[in-house]
Amino acid sequence: MMLNWFAKLAQKLRGFFGATYILQYVEDEPIKLTNNTIYVVGDQDFPAIATFNCPCGCMQAIQLNLIPTKNKPSWSIDNLGGMPTIAPSVWRKVGCRSHFFIRAGKVVWAKS
Ligand SMILES: [Zn+2]
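From a predicted model like this one, the values you see are computed outputs, not experimental measurements.

What counts and how
Residues numbered from 1 in each chain as written. Predicted model: local features only at pLDDT ≥ 70, side-chain atom pairs only at ≥ 80, totals over all residues. Heavy atoms only, no water. Helix = DSSP H or I, 4+ residues; strand = E, 2+ residues; numbered from the N terminus. Buried < 20%, exposed > 50% of the residue type's maximum accessible area, 1.4 Å probe, protein only. Polar contact = N/O pair within 3.5 Å; in protein donor to acceptor, adjacent residues only side chain to side chain. Contact = heavy atoms within 4.5 Å. Phe/Tyr/Trp six-rings, centres within 6.5 Å; stacked < 30°, edge-to-face > 60°. Patch = residues over 30% accessible without salt bridge, like charges linked within 9 Å, V, L, I, M, F, W, Y side chains within 5 Å. Areas by Shrake-Rupley, 256 points an atom, 1.4 Å probe, with all protein chains shown as cover. Salt bridge = Lys/Arg side-chain N within 4 Å of Asp/Glu carboxyl O. Pairing = 2+ DSSP bridges. Axes fitted to C-alpha atoms, helices over the stretch in contact; angles between N-to-C directions. Core = buried A, V, L, I, M, F, W, Y, C linked by side-chain atoms within 4.5 Å.

Undergrad: Let's hear about unusual backbone geometry: which residues, and what values?
TA: Residue Pro 88 is reached from Ala 87 by a cis peptide bond, and omega for that bond is -10°. Structurally, the position occupied by Pro 88 is in strand S6 (residues 85–91).

Next comes the structure, spelled out in structure tokens:
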């Protein structure tokens, strides 16, 4: 009884404080993205692309290039303790124009 109550409360709090992401390595880009999952195409040593649903709820897929190149912006992903951190911030220039950080699996909205 008690456990059930706590589980329900935890679920509510998670919803209130926003998405928590986990990271999953995949060989190919998934066709359907599950919310709260960051898919990294490639493996730990050679990550190529990160793709995940926008945390604002617009359901648009965000793709980040993880291969450092001179001509394209690139991001890095750290998966310390199974809680992914993406650097630098993600800023959509189209659609919802969301600007946020993902730190230790949590979405942190940028002030701008
Ligand atoms: Zn969005």
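Structure shown, so let's carry the discussion forward.
Undergrad: Hey, could you go over the side chain of Thr 51 for me, with residue numbers and the actual values?
TA: Looking at the secondary structure, you find Thr 51 in strand S3 (residues 47–53). The class for Thr 51 is buried, based on a relative accessible area of 2%. At a separation of 3.3 Å, a polar atom in the side chain of Thr 51 contacts the main-chain carbonyl oxygen of Ile 62. Once you skip the residues sitting within four places of it in the chain, Thr 51 turns out to touch Glu 29, Pro 30, Leu 33, Thr 37, Ile 38, Tyr 39, Ala 61, Ile 62 and Gln 63.

Undergrad: Can you explain the packing of aromatic side chains? Please cite residues and give values.
TA: Using the criterion set out here, one finds 3 aromatic pairs in the structure. With a centroid separation of 6.4 Å and an interplanar angle of 80°, the aromatic rings of Phe 52 and Phe 100 are classed as edge-to-face. Of this pair, Phe 52 sits in strand S3 while Phe 100 sits in strand S7 (residues 99–103); the two residues are 48 residues apart in sequence, bridging distant segments of the chain. Taken as a pair, Phe 52 and Phe 100 share a single burial class, namely buried.

Undergrad: Please provide a residue-by-residue account of a nonpolar patch on the surface, values included.
TA: On the surface, Met 2, Trp 5, Phe 6 and Leu 9 cluster together into a nonpolar patch covering about 440 Å² of accessible area. Tracing the backbone shows Trp 5 in helix H1 (residues 2–17).

Undergrad: Hey, could you go over the sheet that holds S7 for me, with residue numbers and the actual values?
TA: Taken in spatial order, the 4 strands line up as S5-S6-S7-S8 in an open sheet, and their pairing is antiparallel. The open sheet terminates on both sides in strands that have one partner only, identified here as strand S5 (76–78) and strand S8 (106–109). Neighbour-to-neighbour, the strand axes of this sheet turn through a mean angle of 30°, independent of strand direction. Taken together, the 4 bridges between S7 and S8 define a ladder with antiparallel strand orientation. Counterpart to Ile 102 in the pairing with S8 is Val 107.

Undergrad: Run through the nonpolar core, naming residues and quoting values.
TA: Grouped together as the largest cluster of nonpolar side chains are 16 residues, with contacts concentrated most on Ile 38, Phe 52, Leu 64, Ile 86 and Val 90. Taken together, the elements giving at least two residues each to this core come down to strand S2 (37–42), S3, strand S4 (61–65), S6 and S7. Setting aside residues up to four positions removed in sequence, Val 90 forms contacts with Phe 52, Ile 62, Leu 64, Trp 75, Ser 98, His 99 and Phe 100.

Undergrad: Any chance you could break down the sheet that holds strand S1 (residues 22–26) for me, citing the residues and the numbers?
TA: The sheet built from 4 strands is open, its strands ordered S1-S2-S3-S4 with mixed pairing. Edge positions in the sheet fall to S1 and S4, since each of these pairs with one other strand and no more. Adjacent strand axes in the sheet meet at a mean angle of 25°, parallel and antiparallel pairs treated alike. The pairing of S1 with S2 spans 5 bridges and is classified as parallel. Paired with Tyr 25 across the two strands is Val 40, which belongs to S2.

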